[in-house]
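In case you want the letters, here they are:
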Amino acid sequence: MIHRRRTIITTLMLCIGVLSATVAEERPRSGLGERENGQRAVIDMEELKKDHLWYRETLAKIRDDEQTNELQLTTRREPIDELIAERNNALPLSPEAERLTKEIIDLEQQLESFRKTYRDESERRRTDALRQLFDIIYADISAFAEKYEIDVVLTWKDPDPAYDLTAAQAKALFETDVVYQRHVDITNDILQTANKREPKQ
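In short, a report on the structure.

Here is what the cut-offs are and how they apply
Per-chain numbering applies: the sequence of each chain, read as written, is numbered from 1 onward. Totals for whole chains, interfaces and linings use all residues, but because this is a predicted model, local features are given only for residues with pLDDT of at least 70 and pairs of side-chain atoms are given and counted only at 80 or more. Based on all heavy atoms of the structure, the side-chain values leave hydrogens and waters out of the count. Helix numbers and strand numbers start at the N terminus; a helix is a DSSP run of H or I with at least 4 residues, a strand a run of E with at least 2. Summary of the burial criterion: residues with accessible area below 20% of their type's maximum are buried, those above 50% are exposed, and those between are partly exposed, where the area comes from a 1.4 Å probe applied to protein chains only. Two N or O atoms form a polar contact when they lie within 3.5 Å of each other; inside protein one atom must be a possible hydrogen donor and the other a possible acceptor, and for residues adjacent in sequence the pair counts only when both atoms belong to side chains. By definition here, a helix of n residues has an expected span of 1.5 Å times n minus one. Whether two residues touch is decided by their heavy atoms; if any such pair falls within 4.5 Å, the residues are in contact. For this analysis, a nonpolar core means a set of buried residues of the types Ala, Val, Leu, Ile, Met, Phe, Trp, Tyr and Cys, connected via side-chain atoms within 4.5 Å.

To continue, consider the side chain of Thr 187. By the element assignment, Thr 187 lies in helix H6 (residues 187–194). For Thr 187, a relative accessible area of 4% corresponds to the buried category. A polar atom in the side chain of Thr 187 sits 2.8 Å from the backbone nitrogen of Asp 44. Side-chain polar atoms of Thr 187 contact the side chain of Asp 185, separated by 2.6 Å.

To continue, consider the environment of Gln 110. Inspection of the secondary structure assignment puts Gln 110 in helix H4 (residues 95–147). When the C-alpha atoms of Gln 110 and Arg 76 are compared, they prove to be 9.5 Å apart, with 34 residues separating the residues in sequence.

With 37 residues, helix H3 (residues 53–89) should cover 54 Å at 1.5 Å per step; its first-to-last C-alpha distance of 55 Å lies within 8% of that length. Listed in full, the buried residues belonging to H3 are Trp 54, Tyr 55, Thr 58, Leu 59, Ile 62, Glu 66, Asn 69, Leu 73, Ile 80 and Leu 83. Looking at the buried positions of H3, the neighbouring elements they touch are helix H2 (45–51) and H4.

Most peptide bonds are trans, and most residues other than glycine sit at a negative phi. Phi is positive for Leu 93, close to 65 degrees, though the residue is something other than glycine. Take Leu 93: it is sitting in the loop between H3 and H4. Despite not being glycine, Glu 149 has its phi angle at roughly 55 degrees, a positive value. Here Glu 149 is to be found in the loop between H4 and strand S2 (150–155). Relative accessible area serves as the criterion here: at 41%, Glu 149 is assigned to the partly exposed category.

All right, on to the nonpolar core then. Counting residues in hydrophobic clusters, the biggest one holds 17 residues, and the most contacted among them are Ile 43, Leu 48, Tyr 55, Ile 137, Ile 186 and Ile 190. Broken down by secondary-structure element, the contributors of at least two residues to this core are strand S1 (39–43), H3, H4 and H6. With six residues, H4 is the single largest residue contributor to this core. Excluding residues that lie within four positions of it along the chain, Ile 186 makes contacts with Ala 41, Val 42, Ile 43, Phe 144 and Val 153. Counting residues in hydrophobic clusters, the runner-up holds eight residues, among them Leu 73, Ile 80, Leu 100 and Ile 104.

Remember, this is a structural readout, not a statement about activity or role.
Below you can see the structure in the form of structure tokens.
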């Protein structure tokens, strides 16, 4: 009789254990993925920067202007060098040497002002282009995520298989937001829609 009771109690405990495990498995996990239909995806932002047509064309125009301005710097430097050579041939502390020195200083200040102005403008244009590209990409990511019920989109960079990495590239392998992903990369989907749009002027 006692043995039978122990058997019944043991059986009940096993049943309760199985039931508890089943209930625990059916509970939603906390944090990301809590929604039953929630999904996560990844995107390679660097790839989008590299392959977006409008952004590539904009950068090409900025680089062309930078090259033109660098040539102007070289051209405007030539008369300064000529004045320096002329001053070197003048008598030290003579009125001619002092005149040439003042002229050289004035031209160098003008040249430095031109250099700073165009480089600041180039930096501003690059920053504006990046911001406009981000707005395009963000809008397309948001629409895509809403359509396919994606909760979170993380940045992702496919590791470079090359072995001759720089120190910075090797360090970056340990700083990526996503180490591994399986078929959740939406980069190409976003690129297809983003390439159809340009920033509003």
